[in-house]
Amino acid sequence: MEKIAVIVTLCCLVSIASAQLKVGFYSSTCPRAESIIRGIVQQRFNRDRSITAALLRMHFHDCFVRGCDASILIDSTKSKSSEKDAGPNLTVRGYDLIDAAKKALEAANCSSTVSCADIITLATRDAVALAGGPKYNVPTGRRDGLVSDVNDVIDLPGPSISVQDAFAFFKPKGLTLNDMVTLLGAHTVGVTHCAFFQDRLLDFQGTGKPDPTMDPGLAARLRKICGTASRPLNNDPTVFLDQGTSFAFDNQFYNQTIFKRGILQIDQELALDRSTVPIVSGFAKNKVAFQQNFANAMIKMSKIQVLVGNAGEIRKNCRVFNPLVSENVSMVSTLHFGPLSLIKIPKYYFLPQFPQLLL
């Protein structure tokens, strides 16, 4: 009973935090926030259409570790390794776009106003729309986290696990099986390194043969790109996860898995597992249904363990935490709050009797 009570309490706290997010959060404090971010994304998309996949991956990796708090953006220091340096995040990219958006916002009379967490969310939404995906409103008001630890990056599903094992990562985040299948549809614009699926081409699960669930023609073509034991390559090439419409955000990813053309094992498993076959089939037949579900799932994911109100901070530089104490010290001769009297209060210190008051 005690465990159930704790779970219910946590769910209530998550619901309360999510409720504090709202569409148009910056309408009065930074009216041009969303248009500024959209402009930065548009400029990048015009010269690099792969930025859609990059931002989707960044957003996913951020939200699944400590929630959507931009902790993935923090640079490591000599004494502390951040999430950015964890193995699964070494190929995450797009940080420069977030930096550019933050710089533009700070220069547009919006200093210390728009969180880096919201920038990731809005930039990803805009990149999806530019690639032909759904256009949707996303609530904002997230704040940036105060922790980024390389050891926290343990809640990311691998490319070679089963559907049920993958769902074990999604379910604790409040996401349904339908949400998982929908979000994996982001692979319609993604790429992957050969190392993540090469066993399917040559020695699947120690059989010495290719994975029988992969189309033989596709496997042969991928072997030419990725190399073999007798013809190894010096690097680790990438291939498109959607071999047909690689840069278009459409539903062709699902059609390809039905015809055994899924690249990653988890992608192909979606079209084989009895629990997910109906979802895959439905999305393969109906692009509109997929895009509507994707918009809903992205909004839902973007609310995972968000920080709102006075929690966290609004970073001035997305790569580093704000200083704990301002270099300038406010000299207050005498400050009275009933029985409390303080002298020389450092700026940014909280008064214990009034935690909502920030000097």
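The preceding data block contains the structure.
This is a predicted model, so every value here is computed, not measured. Here the residue numbering is sequential within each chain, running from 1 through the sequence in written order. Note on the predicted model: pLDDT of at least 70 is required for a residue's local features to be given, and 80 or more for side-chain atom pairs to be given and counted; whole-chain, interface and lining totals, by contrast, use all residues. Only hydrogens and water are set aside when side-chain values are computed; all heavy atoms of the structure are taken into account.

Caption draft 1: Spotlight on the overall build of the protein chain. Helix and strand assignments follow DSSP, with helices taken as H or I runs no shorter than four residues and strands as E runs no shorter than two, numbered in order from the N terminus. Along the backbone of the protein chain there are 13 helices and 6 strands. The buried label applies to any residue whose accessible area, calculated with a 1.4 Å probe on protein chains only, is under 20% of its type's maximum; exposed applies above 50%, and partly exposed to all values in between. When the 359 residues of the protein chain are sorted by exposure, 46% land in the buried category. Counted over contacts in the protein chain with a minimum sequence separation of 6, partners at least 24 positions apart contribute 70%. Note on areas: these come from Shrake-Rupley sampling with a 1.4 Å probe, and a residue is covered only by the protein chains present in the view. On the protein chain, roughly 17800 Å² of surface is accessible, and the fraction owed to carbon and sulfur atoms is 58%. Contacts are assigned to residue pairs with any non-hydrogen atoms lying within 4.5 Å of each other.

Caption draft 2: Representation of the packing of aromatic side chains in the model. Each Phe, Tyr or Trp ring, with Trp reduced to its six-membered ring, pairs with another whose centre is within 6.5 Å; inter-plane angles below 30 degrees give stacked pairs, above 60 give edge-to-face pairs, and intermediate values give tilted ones. Taken as a whole, this structure holds 12 aromatic pairs when the rule is applied. Note on F64 and F170: the rings are 5.0 Å apart at their centroids and 70° apart in plane angle, and the pair reads as edge-to-face. You can see F64 sitting in the loop between α3 (51–63) and α4 (95–106) and its partner F170 sitting in helix α6 (residues 163–170), a full 106 residues away along the chain. Each member of the pair, F64 as well as F170, is classed as buried. Charge-over-ring contacts are defined here by two conditions on Lys NZ or Arg CZ: a distance within 6 Å of the ring centre and an angle within 35 degrees of the ring normal. Here the guanidinium or amino end of K84 rests over the ring plane of Y95, the centre of that ring lying 4.2 Å away. Here K173 stacks its cationic end above the ring of F64, 5.7 Å away from the centre of that ring.

Caption draft 3: The environment of D69, seen in detail. By the secondary structure assignment, D69 is in the loop between α3 and α4. Under the relative-accessibility criterion, D69 is labelled buried at 3%. For D69 and I120, which are 51 residues apart along the polypeptide, the C-alpha to C-alpha distance reads 9.4 Å. For D69, the contacting residues outside a window of four places in its chain are D62, A117, R143, D144, G145, V147, L307 and R315.

Caption draft 4: Inspection of the nonpolar core at higher detail. Counting residues in each nonpolar core, the largest one holds 91 residues, and the members touching the most others are L73, I98, M180, F197 and F294. Those residues in contact with M180 that sit more than four places away from it in its chain are V163, A166, F167, F170 and L270. Remark: nonpolar core denotes a set of buried residues (Ala, Val, Leu, Ile, Met, Phe, Trp, Tyr, Cys) joined through side-chain atoms within 4.5 Å.

Caption draft 5: Inspection of the pattern of salt bridges at higher detail. Should a side-chain nitrogen of Lys or Arg be within 4 Å of a carboxyl oxygen of Asp or Glu, the pair is scored as a salt bridge. Per the counting criterion, the structure on display carries 18 salt bridges. Close ionic contact of D179 with K300 constitutes a salt bridge, the shortest N to O distance being 2.9 Å. Here D179, found in helix α7 (residues 177–184), pairs with K300, found in helix α13 (residues 287–301); they are 121 residues apart in sequence, far enough to count as distant. We classify D179 as buried; its relative accessible area is 8%. With a closest N to O distance of 3.9 Å, E313 and R315 form a salt bridge. Each of E34, R38, R125 and D126 takes part in a single network of salt bridges with overlapping partners.

Caption draft 6: Looking closely at α4. Between the first and last residue of a helix there are one fewer steps than residues, each counted as 1.5 Å, and that sum is the expected span. Look at α4: 17 Å from first C-alpha to last across 12 residues, which is about the 16 Å you get at 1.5 Å a residue. Of the residues making up α4, those classed as buried are Y95, L97, I98, A101, K102, L105 and E106. The secondary structure elements touched by the buried residues of α4 are α2 (33–47), α3 and α5 (116–130).

Caption draft 7: Main features of the side chain of E106. In this structure, E106 sits in helix α4. In protein, a polar contact means a hydrogen-donor-capable atom and an acceptor-capable atom, both N or O and within 3.5 Å, with residues adjacent in sequence counting only if both atoms are side-chain atoms; elsewhere, any N or O pair within 3.5 Å suffices. In terms of polar contacts, E106 uses its side chain to reach the backbone amide nitrogen of S112, at 2.9 Å. What E106 contacts, discounting residues up to four positions off in sequence, is S111, S112, T113, R315 and K316.

Caption draft 8: Geometry of the packing of α7 against α13. Every angle, taken between N-to-C directions, lies between 0 and 180 degrees, and every axis is a line fitted to C-alpha atoms, over only the stretch in contact when it is a helix. Between α7 and α13, the shortest axis-to-axis distance is 9 Å and the interhelical angle comes to 105°. Considering the angle they form, α7 stands roughly perpendicular to α13. Across from N178, D179, T182 and L183 in α7, the residues of α13 making contact are F290, N293, F294, A297, M298, K300 and M301. Basically, the charged four are Asp, Glu, Lys and Arg, the nonpolar ten are Ala, Val, Leu, Ile, Met, Phe, Trp, Tyr, Cys and Pro, and anything else, Gly included, counts as polar. Grouping the constituent residues of the contact of α7 with α13 by class yields 6 nonpolar, 3 polar and 2 charged. By definition in this entry, angles of less than 35 degrees are roughly parallel, angles greater than 145 are roughly antiparallel, angles of 65 to 115 are roughly perpendicular, and the rest are oblique.

Caption draft 9: Inspection of the packing of α2 against α4 at higher detail. At a minimum axis distance of 9 Å, the contact between α2 and α4 shows a crossing angle of 140°. Between α2 and α4, the angle falls in the class oblique. The two elements α2 and α4 cross, and the hand of that crossing is right-handed. Contacts between α2 and α4 involve A33, I36, I37, I40, V41 and R44 on the former and, on the latter, D96, L97, A100, A101, A104 and L105. Taken together, the residues of the contact of α2 with α4 break down into 10 nonpolar, no polar and 2 charged. Here a crossing is taken to be left-handed if its near helix is turned anticlockwise relative to the far helix by less than a right angle, and right-handed if that turn runs clockwise.

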